[in-house]
Protein chains: 2
Amino acid sequence: MSKKVFKDLVSVEEAKSIVESFAVSRKVEEIKLENALGRIVARDYEAGIDVPPFDRSTMDGYAVIAEDTFEAEEDSSVKLKIVGRIGAGDFLEVELKRGEAIEISTGAPIPKGANAVVMEEYTAESDGFVRIYKSVAPGENIMFAGSDIMAGELVIREGTVLSPREIGVLSALGIAEVEVYSKPKVAVFSTGNELVKPGGKLGKGKIYDVNAYTLMNSIEEDGGEAVFLGIARDNADEIRKMIEQALDYDIILCSGGTSAGAGDMIYRILDEWEPGVLVHGIAVRPGKPTIIASLGNKPAFGLPGNPTSALMIYSIFVSPLIRRLSGLGEEKSTEIEAKLAVKVFSSSGKTEFLPVNLVSGEEGFSAYPVSGHYSGAITSLAESDGFIHIPAEKVIAEVGERFTVKLFSEEIKPADLMVIGSHCIGLDVIFRLLRKRIPDLRFKIINVGSSGGISAIKRGEADIAGIHLLDESAEYNVPYLKRYGVKNAVLVKGYLREQGIIVAKGNPLGIRSVEDIIEKKTRIVNRNRGSGTRILFDMYLKEIAEKRGEKFKELTGKIKGYTIEAKSHSSVAVAVLMGKADAGIGIRTVAEQYGLDFIPLRGEEYDFLIPKAKFSTWKIQQFMEVLTSDELSNSLPPGLKIYKRTGEIIKL
Amino acid sequence: MSKKVFKDLVSVEEAKSIVESFAVSRKVEEIKLENALGRIVARDYEAGIDVPPFDRSTMDGYAVIAEDTFEAEEDSSVKLKIVGRIGAGDFLEVELKRGEAIEISTGAPIPKGANAVVMEEYTAESDGFVRIYKSVAPGENIMFAGSDIMAGELVIREGTVLSPREIGVLSALGIAEVEVYSKPKVAVFSTGNELVKPGGKLGKGKIYDVNAYTLMNSIEEDGGEAVFLGIARDNADEIRKMIEQALDYDIILCSGGTSAGAGDMIYRILDEWEPGVLVHGIAVRPGKPTIIASLGNKPAFGLPGNPTSALMIYSIFVSPLIRRLSGLGEEKSTEIEAKLAVKVFSSSGKTEFLPVNLVSGEEGFSAYPVSGHYSGAITSLAESDGFIHIPAEKVIAEVGERFTVKLFSEEIKPADLMVIGSHCIGLDVIFRLLRKRIPDLRFKIINVGSSGGISAIKRGEADIAGIHLLDESAEYNVPYLKRYGVKNAVLVKGYLREQGIIVAKGNPLGIRSVEDIIEKKTRIVNRNRGSGTRILFDMYLKEIAEKRGEKFKELTGKIKGYTIEAKSHSSVAVAVLMGKADAGIGIRTVAEQYGLDFIPLRGEEYDFLIPKAKFSTWKIQQFMEVLTSDELSNSLPPGLKIYKRTGEIIKL
């Protein structure tokens, strides 16, 4: 466990240019046309045959010599002798002479001698003769050989991404196998004694390997082929063997074990090859301990173990290389301008890539930095729409500052309904019913508690905010909204939630009230600050503190678990169920769902704040209809209750 | 071969609603996470475990009891006894007591008793003790169990399209297999005696099957799984057997054999099942003879044999059904407003879907209808960017009329350089060199001849137009441009092309001049109207007609093949090579390429018309550099020649 000092950090730009200078070249393979969708053609294709290969009839009817029909009219037909019949796929050696006709199907080859086709509609057949009621010009209803594609024409250029349409052209030419750029093969492995493959059993101190899956799927997205070699323990021999195995592939990608400390081995092992490690440490956040190496001209990357860092570093440094090799080329990722929604402190001297959640408001998009990504929270990436790039020299980014957001997905998928506020299971039920009415409805639920919901409405970013804020006057929501000066919205009364203390089955500690939680030194799990439930709990605690003549902070300091913040009712219930806590404040619904006991405190009014400007839109009206429907009333779980005020609209 | 009368045509809207009413339901399957990219999650996923599952260190350093470090400062350290070391993946039973520390790695579980981690940077170890130079607060450098995801949290909603980020969340939860919507299995077969599978040998009267490949790849694009059953001959037993086999799948899709005529059998066979055929004929162009049937509640479609029609009908009627089943939902295809570039006559009473090529000009996009799609030209689809929808009641669509173009590709890929005009092999060479300088250059070459190129420049749609128009004054290009009133562009002199008559090796007919072509009743292949070569040929012919006192039309009427229009020089050469024609006008380059003989007529000035407004752009300047480079001079094939005027800029 010796201390390892990093070499000098290189800048993001230097690291990128090192990756660009890798002398790797595209490979070419021949694949079957049925598997060619989305692949990139590796050479120009010229037509080897005419399409169609022969003069074809474009109609069902009679092949004729046009001159024979010149006299034909609706009321004076011309009579021709039928000397044969020819269907699609047939071939007739007969040569048509004046006065003769051959019955012909769409797609059949025009017989020798014939120079036009009369459509069936304008003919009548009897006794081996056909009457023609309309004249045709030479060439009529014939598609000439090569008129679609002439042999020798350049039909598909190198670099074309194959869609069903180009695949159609190739198949028309009889090409069953097409030369495309090979998918670069990328060997992927993870290192770390703590890692277990998903699906396996977690031992003590172990976590599931995330990077293998996120990286493999990203490689696939970039047109590469990922091969997972497994998880290497923090053991030099094991890692060395893994790398030797990885040398069979085009690119080597490992994650974990790159920080200076106990598990750092990758660096030294990668440097055993020539020319070895090129970059050890990049002035970037997250992802500083990244390694870039060249093992006998094979590019190798050592990514950080932290899943968020690993994926960001992948997308900035590795993805362009794989796209170059796969032929997909530079990613044309969508970029969007957005205003920063909160102040951000960046680290000086390092380029920062900050994942953000995009929310569209009245003045364009706001970017909410996603929390927890420094510590490696995987949810931080899943919740984010893209990331912003804060240059190395910038230390503070202010609220309202404009940034370009690089989106993670190729398409922009703005939600039709943006729901920002407090979480409730009833909300999930409403949206399940709403989705029955609007099957393609795209909605995003950001759980930031009631106060966060009000702010989002004020900024014009939310379409609906679920709130349940209890005022000291014992009235829900309205006093708060007045205090916050919310004027651009209406409050729609929602439903009642039975609120209380969730305890283990049988209530082993005999808890009857909030006081009991303190008296009995109960281990609790709290809710996140800003949530209605937290406010309710704190209100009870303030009352108790006052009664006792204690300071609020003093009182809460004594409560075990007061600082542990669950983000939802379910999480509170699960914590109690698993014995991590003895009690928590929550709603009856969830307590019942998990088979736990429940001590009711009071009914809570869970209401919806909706911007005035959006209230009359079709989607919000559908939401209103669902809210006041019998269907919802029947679907709500126990503990949630439609009451006489449900659907009442309060102007603010 | 009896006449078959169609049932009443149904409207596009009726047909769509019949497809919508198919009572088919999504199936669910469990797949491995490594194969889950882009799949749609079939249920809500709640976390079964906390992530991380235990309190973890986020740093390398020492696990301590925070209270022990409160006195630590840079110049006055606190000394703690090291009672153990713990790496990531390890687990230690020891419980830390006051005055003790445990060396800990990033990711390792916090030992019992410890409540903070001091970073290694602020420590010094010796003789079994560690000196701490900085105080830490309780909880510092610890990521608490469940702080990323708490057990019980809803993490992935039903309907989520899996990207690497959501896959990361699932793997963090140890989920190795995920429930997704199954890809609907679609049985595909083609019918027609004339069809041969690509890769096979074409017999007389046969063509390659196109629909199987375009449809299979389209099904894949829509999230389905296509299974190709093969090609059925126009034989009731064979088709019936194919359908019986197809009933094992979710949807049945066949093409060909649907028109009323010789090969029509599909309709009657599909009607042998209950409820059988629901739609036979839709008021749409192309694709009227489409069949929609239900075979014991299994949706079946009979698409036209014409590849363009088949693919259009697929995308309008079949694709939505497959996307509904696959979970991909309604296609959010990009739509663009465009002005029609030419007048279009539509058929009354039928909805028309017209494929168009989009070109961006000064006033937005122009839509050029792609020719040849009625006759089933496969190139017409490959060349088009999307299609416009002309309502059934509309008969004429005027130039400049605005239409919404539904794009074929999800992304808009406007070309960086739009090259509209006459085709030349030299142009291909220039763009090959240009692409060396700008690897990601996207260019589109639309071959519409010199006159078409001038119109495109006038409308601001082309960035470069290759032109070679010979005036009666014997001057190239400039007189024409003046006559056309082109003012918004400059003319850049290009290179010389040796122009002449291409004849078979050894010149078996002894052709020495254009007169010989007429005298010797030579079978020719002509070039398309508007092309410079066609104008040159016609000029020679006009001279000859005048000399002879004949009318021009009379003269050309005598030339065999005068109406057969090849779209490129290569096609002319191939026609001569294959003996389809004895002679054609073209350039030496191509004659030599195909080993043919060449009778020179005159040197032709192939120049470039470039809009003034775009002339100084970087990409055009790169083009200019290539044009005047030695590299081009050395790369041009025989017959094309850089000369002293190359690169000269003429203001108009």
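Residues numbered from 1 in each chain as written. Chains lettered and ligands numbered in written order. Predicted model: local features only at pLDDT ≥ 70, side-chain atom pairs only at ≥ 80, totals over all residues. Heavy atoms only, no water.

Some details on the packing of aromatic side chains
Each aromatic ring pair is described using two quantities: the centre-to-centre distance and the angle formed by the ring planes. Applicable threshold: Only Phe, Tyr and Trp rings are paired, with Trp represented by its six-membered ring, and only when their centres lie within 6.5 Å; those with planes under 30 degrees apart are stacked, over 60 edge-to-face, the remainder tilted. In this description a helix means any DSSP run of H or I spanning at least four residues, a strand means any run of E spanning at least two, and both kinds are numbered starting from the N terminus. Throughout this description, buried means an accessible area under 20% of the type-specific maximum (1.4 Å probe, protein chains only), exposed means over 50%, and partly exposed covers the range between. Placement of a charge over a ring requires the Lys NZ or Arg CZ to be within 6 Å of the ring centre, with the centre-to-atom vector within 35 degrees of the ring normal.
All told, the structure shown has 18 aromatic pairs over all chains when counted by the stated rule. Centroid distance Tyr 495 of chain A to Phe 608 of chain A: 6.3 Å. Interplanar angle 70°. Geometry classified as edge-to-face. A residue pair is termed long-range when its members are at least 10 positions apart, and Tyr 495 of chain A in strand β32 (residues 489-503) and Phe 608 of chain A in strand β36 (residues 597-611) qualify at 113 residues. Its relative accessible area of 0% is what places Tyr 495 of chain A among the buried residues. Put simply, the rings of Phe 431, Tyr 495, Tyr 606, Phe 608 and Phe 623 of chain A touch in pairs and so form one group of aromatic residues. In this structure, Lys 134 of chain A packs its charged tip against the face of Tyr 122 of chain A, placed 4.9 Å from the ring centre. Directly above the ring of Tyr 480 of chain B sits Arg 483 of chain B, whose terminal nitrogen or CZ lies 4.8 Å from the centroid.

Brief notes about the relation of the copies chain B and chain A
The cut-off we apply is this: Superposing copies: least-squares fit, C-alpha atoms only, residues required to have pLDDT of at least 70 in both. Between two residues, a contact is recorded if the distance between any of their heavy atoms is within 4.5 Å.
Rotating chain B by 180° and moving it 0.1 Å along the rotation axis overlays it on chain A with an RMSD of 0.4 Å. The superposition operator between the copies reduces to a two-fold rotation axis. A high fraction, 97%, of the interface residues of chain B reappear at the interface in chain A, so the copies pair face to face through one surface.

Things to note about the pattern of salt bridges
Oppositely charged side chains can form a pair if their charged atoms are brought close together. The following threshold applies: Each salt bridge in this description consists of a side-chain nitrogen of Lys or Arg and a carboxyl oxygen of Asp or Glu lying within 4 Å of one another.
Scanning the entire structure with this criterion turns up 66 salt bridges over all chains. In this structure, Glu 604 of chain B and Arg 497 of chain B form a salt bridge, with 2.8 Å as the shortest nitrogen-oxygen distance. With Glu 604 of chain B in strand β36 (residues 597-611) and Arg 497 of chain B in strand β32 (residues 489-503), the pair connects residues that are 107 residues apart, well separated along the chain. A residue is classified by how much of its surface remains accessible, and Glu 604 of chain B, at 0% relative accessible area, is buried. Exposure remark for Arg 497 of chain B: the relative accessible area of 0% places this residue in the buried category. For Asp 597 of chain B, the salt bridge goes to Lys 505 of chain B, with nearest N and O atoms at 3.8 Å. One end of the pair, Asp 597 of chain B, is in strand β36; the other, Lys 505 of chain B, is in the loop between β32 and α11 (514-519), with 92 residues separating them in the sequence. Judged by its relative accessible area of 62%, Lys 505 of chain B is exposed. Shared partners join several salt bridges into a network, and the residues in it are Glu 519, Arg 548, Glu 550 and Lys 558 of chain A.

Considering the side chain of Lys 493 of chain B
Residues and elements named next belong to chain B. Keep this limit in mind: What qualifies as a polar contact is a pair of N or O atoms within 3.5 Å, subject to a donor-acceptor requirement within protein and to the restriction that residues adjacent in sequence count only when both atoms come from side chains.
Here Lys 493 lies in strand β32. Among the polar contacts made by the side chain of Lys 493, one reaches the side chain of Glu 605 at a distance of 2.7 Å. A distance of 2.6 Å separates a polar atom in the side chain of Lys 493 from a polar atom in the side chain of Asp 607. Ignoring sequence-local partners within four residues, the contact set of Lys 493 consists of Glu 605, Asp 607, Leu 627, Tyr 643, Arg 645, Thr 646, Gly 647, Glu 648 and Ile 650.

Structural notes on the packing of helix α1 (residues 12-20) of chain A against helix α6 (residues 307-326) of chain A
In a pair of packed helices, the angle between the axes and the distance between the axes together describe the arrangement. All names here are of chain A. Put simply, the test is: Lines fitted to the C-alpha atoms define the axes, with helices restricted to the stretch that makes contact. Angles between their N-to-C directions range from 0 to 180 degrees. If an angle is under 35 degrees, it is roughly parallel; if it is over 145, roughly antiparallel; if it lies from 65 to 115, roughly perpendicular; otherwise it is oblique. Crossings are assigned a handedness: left-handed for a near helix turned anticlockwise from the far helix by less than a right angle, right-handed for a clockwise turn. Residue polarity is assigned by list, with Asp, Glu, Lys and Arg as charged and Ala, Val, Leu, Ile, Met, Phe, Trp, Tyr, Cys and Pro as nonpolar; anything else, Gly included, falls into the polar class.
Where α1 meets α6, the axes come as close as 10 Å, and the angle between the chain directions of the two elements is 25°. Accordingly, the angle class assigned to the pair α1 and α6 is roughly parallel. Our pair here, α1 against α6, has a crossing hand that is right-handed. The residues of α6 that touch α1, namely those facing Val 12, Ala 15, Lys 16, Val 19 and Glu 20, are Ile 316, Phe 317, Leu 321 and Arg 324. Residue composition of the contact of α1 with α6, by class: 6 nonpolar, no polar and 3 charged.

A short note on helix α4 (residues 236-246) of chain A
Residues and elements named next belong to chain A. Defined as follows: Along the arc lie the directions from the helix axis toward the C-beta atoms.
Residues Ile 239, Met 242, Ile 243 and Ala 246 constitute the buried set of α4. The arc that holds the buried residues of α4, viewed along the axis, is 100°, so those residues lie on one side. Where α4 begins, the side chain of Asn 235 points an oxygen toward the backbone nitrogen of Asp 237, at a separation of 3.0 Å.

Side note on a negative patch on the surface
All names here are of chain A. Quick note on the threshold: Patch definition: residues above 30% relative accessible area lacking any salt bridge, with like charges linked at up to 9 Å and the nonpolar side chains Val, Leu, Ile, Met, Phe, Trp and Tyr linked at up to 5 Å. Here the open area of atoms and residues is found with the Shrake-Rupley method and a 1.4 Å probe, where only the protein chains shown may cover a residue. Think of it this way: Lys and Arg go in the positive column, Asp and Glu in the negative one, and His and the chain ends go nowhere. Where a charge lies is defined by one atom per residue type: Lys uses NZ, Arg uses CZ, Asp uses CG and Glu uses CD.
On the surface, Glu 71, Glu 73, Glu 74 and Asp 75 cluster together into a patch of negative charge. Take Glu 73: it is sitting in the loop between β4 (61-64) and β5 (78-86). Judged by relative accessible area, which is 49%, Glu 73 ranks as partly exposed.

Some points on the packing of helix α3 (residues 211-221) of chain B against helix α6 (residues 307-326) of chain B
Residues and elements named next belong to chain B. Contact geometry for α3 and α6: axes closest at 10 Å, N-to-C directions at 25°. What the angle tells us is that α3 and α6 run roughly parallel. The two elements α3 and α6 meet at a crossing, and its hand is right-handed. Counted together, Asn 211, Thr 214, Leu 215, Ser 218, Ile 219 and Glu 221 of α3 and Pro 307, Ala 310, Leu 311, Tyr 314, Ile 322 and Arg 323 of α6 form the full contact between these two elements.

Some details on the sheet that holds β5 of chain A
Sheets are built from strands paired through backbone hydrogen bonds, the pairs being either parallel or antiparallel. Residues and elements named next belong to chain A. Keep this limit in mind: Pairing between two strands is assigned when DSSP locates at least 2 bridges connecting them.
Taking strand neighbours across the sheet as the criterion, the 6 strands line up as β7-β4-β6-β5-β9-β8 in an open arrangement whose pairing is mixed. Each end of this open sheet is capped by a strand with a single partner; those strands are β7 (116-119) and β8 (123-126). On average, each strand axis in the sheet is tilted by 40° relative to the strand beside it, whichever way the strands run.

Here's the deal with the sheet that holds strand β17 (residues 251-255) of chain B
Residue and element names in this part refer to chain B. With mixed pairing, the 6 strands of this open sheet are ordered in space as β16-β13-β17-β21-β20-β18. Pairing within the sheet leaves two strands with one partner each, and these edge strands are β16 (225-232) and β18 (275-280). When the angles between neighbouring strand axes are averaged without regard to direction, this sheet yields 20°. Against the sheet, helix α4 (residues 236-246) engages β13 (185-191), β16, β17 and β20 (291-295), with an angle of about 165° to β16.

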